[in-house]
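Residue-level structural notes
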Amino acid sequence: MTPLLQTAVELIVAAGLVGGGFFALVGSWGLIRLPRPMQRLHAPTKATTIGVGAALLASSIGDLPQGGTISIQEWLITLFLLLTAPISALFLAKTLILRGEADPDIPDSGTGQPWATLGQERPDP
Amino acid sequence: MLKRLFPHPYLSLTLIALWFMLVNQWKLGSLVMAIILATILPLMTSAWWPDRARVRHPLRLLGYTALVFWDIIVANFQVAYVILFIPRDKVQSRWLTVPLDLKSPEAISLLAGTITMTPGTLSSDMSACGRALLVHALHAPDPDSVRDQIKSRYEARLKRIFE
Amino acid sequence: MILGYALTFMFACIALAFVLNIWRLFTAPTLTDRIVTLDTMAINALALVVLYGIRAGTGLYLEVSVLLALTGFLGTVAYCKFLLRGSIIE
């Protein structure tokens, strides 16, 4: 690997780490700053997940300058986080709606049926 | 015969890829183990997933994934901007109702996941009949344009892929 | 060289995020907020483990982060299901 390429990879890894740290911090800060419960859900699901994702991808190519190979296990963790973040967000939103802690001005579903969480007989989740 | 041995071919392929990611090595032994797992796990779980997922254009799914990845990155800068620079009482959060044209459960769950990961929106609930999604937008001065974007940018593509 | 500085920066960011999270855990107005905070803390802990792995120069810590990702997700879902349905396994 030429020295120039080596420096480029190191710069990419450093950028991933710095960006990841920034986004993780923004996610946790948003958790404190945003005033309403539904708004607070947005911060960790997006910012924190991408923060860790950036760090993981940096770790994936981090061995290249020392003559290592690309490690793909980090991709698995990133993929897993990206797939599970929507599911936990959906569960948290449903909990907020059911407990009445979400903003109360929920619109009508427009299909003649209630929303699944608020309906009388809830289907098995 | 082949259909009974591999009830979910896409699931089998995904399992092989996942196993290679997990062991992090390119060895023949890993491939054997991956194929064993890819045969056994779909057979064991097929009782809970009787219908085969129909994907019309598997290759277009790759393009869709690339689009969503790009949008996730853009979305994060938008959310970071809202968190850092917009005053607390000026953040205009809205509920939106997104009527669905999609029918297959796989496509709808993919759409819900996409909505959650992309710009400023979070899919929160579904109507009891499964034909509308409740979406929460973090900062949407114009809720109609957000709904139109979801429908044209993501749902139309998913409809072409799955139906 | 530059990698060391970036690593230290991210360690500092995650540590600060942890402090904010713990502050949030004590002052959260609702129960669901605490679950959101715990979910965030699990992901931050995962980031910390990954960073430690980069600094130590070994891939062994990645197995730990796989497990943390799994248990963090399952924990969040279990808490939510308990609040939604009153029990976890039906």
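These numbers were taken from a predicted model, which means no experiment stands behind them. (Residues numbered from 1 in each chain as written. Chains lettered and ligands numbered in written order. Predicted model: local features only at pLDDT ≥ 70, side-chain atom pairs only at ≥ 80, totals over all residues.)

Our focus in this paragraph is the overall build of chain A. The helix and strand tally for chain A stands at three helices and zero strands. Going from the N terminus to the C terminus, chain A shows its helices and strands as α-α-α. For 125 residues, the compact-globule estimate of 2.2 N^0.38 gives 14 Å, and chain A exceeds it by more than 25% at 20 Å. Seen through its principal axes, chain A has C-alpha atoms that stretch 65 × 30 × 20 Å. Out of the 125 residues in chain A, the part that is buried amounts to 52%. In chain A, the share of contacts with a sequence separation of at least 24, taken over all contacts with a separation of at least 6, comes to 60%. (Helix = DSSP H or I, 4+ residues; strand = E, 2+ residues; numbered from the N terminus. Rg over C-alpha atoms; globule rule 2.2 N^0.38 Å. Buried ≥ 20, exposed ≤ 12 C-beta atoms within 10 Å, placed from the backbone. Contact = placed C-beta atoms within 7 Å.)

Moving on: the overall build of chain C. Scanning chain C from terminus to terminus reveals three helices and zero strands. In terms of C-alpha radius of gyration, chain C reaches 16 Å, well past the compact-globule figure of 12 Å for 90 residues. Considered along the principal axes of its C-alpha atoms, chain C spans approximately 50 × 30 × 10 Å. With 90 residues in all, chain C has 40% of them scored as buried. Of the contacts made within chain C by residues no fewer than 6 positions apart, 46% connect residues no fewer than 24 positions apart.

Every contact between the two is made by 43 residues of chain A and, on the other side, 34 residues of chain B. Contributing elements (two or more residues each) for the side of chain A that touches chain B: α1 (3-33), α2 (37-61) and α3 (73-98) of chain A. In terms of residue count, α3(A) provides more of the side of chain A that touches chain B than any other element does, eleven residues in total. Looking at the side of chain A that touches chain B residue by residue, the class counts come to 25 nonpolar, twelve polar and six charged. (Nonpolar A, V, L, I, M, F, W, Y, C, P; charged D, E, K, R; others polar.)

Moving on to the sheet that holds strand β1 (residues 94-99) of chain B. Pairing is antiparallel across the open sheet formed by three strands, whose spatial order is β1-β3-β2 (chain B). Both outer strands of the open sheet, β1 and β2 (121-126) of chain B, are each paired with one neighbouring strand and no more. Between one strand axis and the next, the sheet turns through 30° on average, direction left out of account. Strand contacts of α3(A): β2 and β3 (132-137) of chain B, with the helix running at about 60° to β2(B), the strand carrying the most contacts. Running over the sheet, helix α5 (residues 105-117) of chain B touches β2 and β3 of chain B and is turned about 145° from β2(B). (Pairing = 2+ DSSP bridges. Axes fitted to C-alpha atoms, helices over the stretch in contact; angles between N-to-C directions.)

This next bit is on the packing of α2(A) against helix α2 (residues 31-56) of chain C. Two elements in contact, α2(A) and α2(C), have axes separated by 10 Å at closest approach and are oriented at 10°. If you check the angle between α2(A) and α2(C), you find them roughly parallel. Broken down by class, the residue content of the contact of α2(A) with α2(C) amounts to 13 nonpolar, eight polar and three charged. (Parallel < 35°, antiparallel > 145°, perpendicular 65-115°, else oblique.)

Another point: the nonpolar core. Core analysis: the largest hydrophobic core is formed by 87 residues, its most contacted members being A:Leu17, A:Ala55, A:Leu92, C:Met10, C:Ala47 and C:Leu51. Apart from the residues within four sequence positions on either side, C:Met10 is in contact with A:Leu17, A:Val18, A:Gly20, A:Gly21, A:Ala55 and C:Leu51. (Core = buried A, V, L, I, M, F, W, Y, C linked by C-beta atoms within 7 Å.)

The next subject is the interface of chain A and chain C. Taken residue by residue, the interface counts 43 residues in chain A and 41 residues in chain C. Sort the elements by how many residues they give to the side of chain A that touches chain C and α1(A) lands first, with 15 residues. Considering only residue class, the side of chain A that touches chain C consists of 23 nonpolar, 14 polar and six charged.

Residue and element names in this part refer to chain A. The first and last C-alpha atoms of α3 sit 38 Å apart over 26 residues, in line with the 38 Å expected at 1.5 Å per residue. The largest bend along α3 measures about 30° and falls at Thr84, with the proline Pro86 one to four residues further on. In terms of burial, α3 is largely enclosed, as 19 of its 26 residues are buried. A positive phi of about 75° marks Gly100, the residue just after α3. (Expected span 1.5 Å × (residues − 1). Bend = angle between axes of the 7 residues up to and from the residue.)

Another point: the environment of B:Val32. In this structure, B:Val32 sits in helix α3 (residues 28-45). Residues B:Val32 and B:Ile16, spaced 16 residues apart in sequence, show a C-alpha to C-alpha distance of 9.6 Å.

Before going further, it helps to examine the packing of α2(A) against helix α4 (residues 58-85) of chain B. Packed helices, taken two at a time, are described by the angle between their axes plus the distance between the axes. The interhelical angle for the contact between α2(A) and α4(B), taken along N-to-C directions, is 125°, at an axis separation of 10 Å. One finds that α2(A) runs oblique with respect to α4(B). When the axes of α2(A) and α4(B) are compared, the crossing they make is left-handed. Contacts between α2(A) and α4(B) involve A:His42, A:Ala43, A:Lys46, A:Ala47 and A:Ile50 from the former and B:Ile72, B:Ala75, B:Asn76, B:Val79, B:Ala80 and B:Ile83 from the latter. (Left-handed = near helix turned anticlockwise from the far one by under 90°.)

Attention shifts here to the confidence of the model for chain C. Detail in the predicted coordinates should be disregarded across regions flagged by low pLDDT. Averaged over chain C, the pLDDT score is 86; the fraction of residues at 70 or greater is 96%. Two summary scores accompany this predicted model of the complex, namely pTM at 0.86 and ipTM at 0.84. (pLDDT = per-residue confidence, 0-100.)

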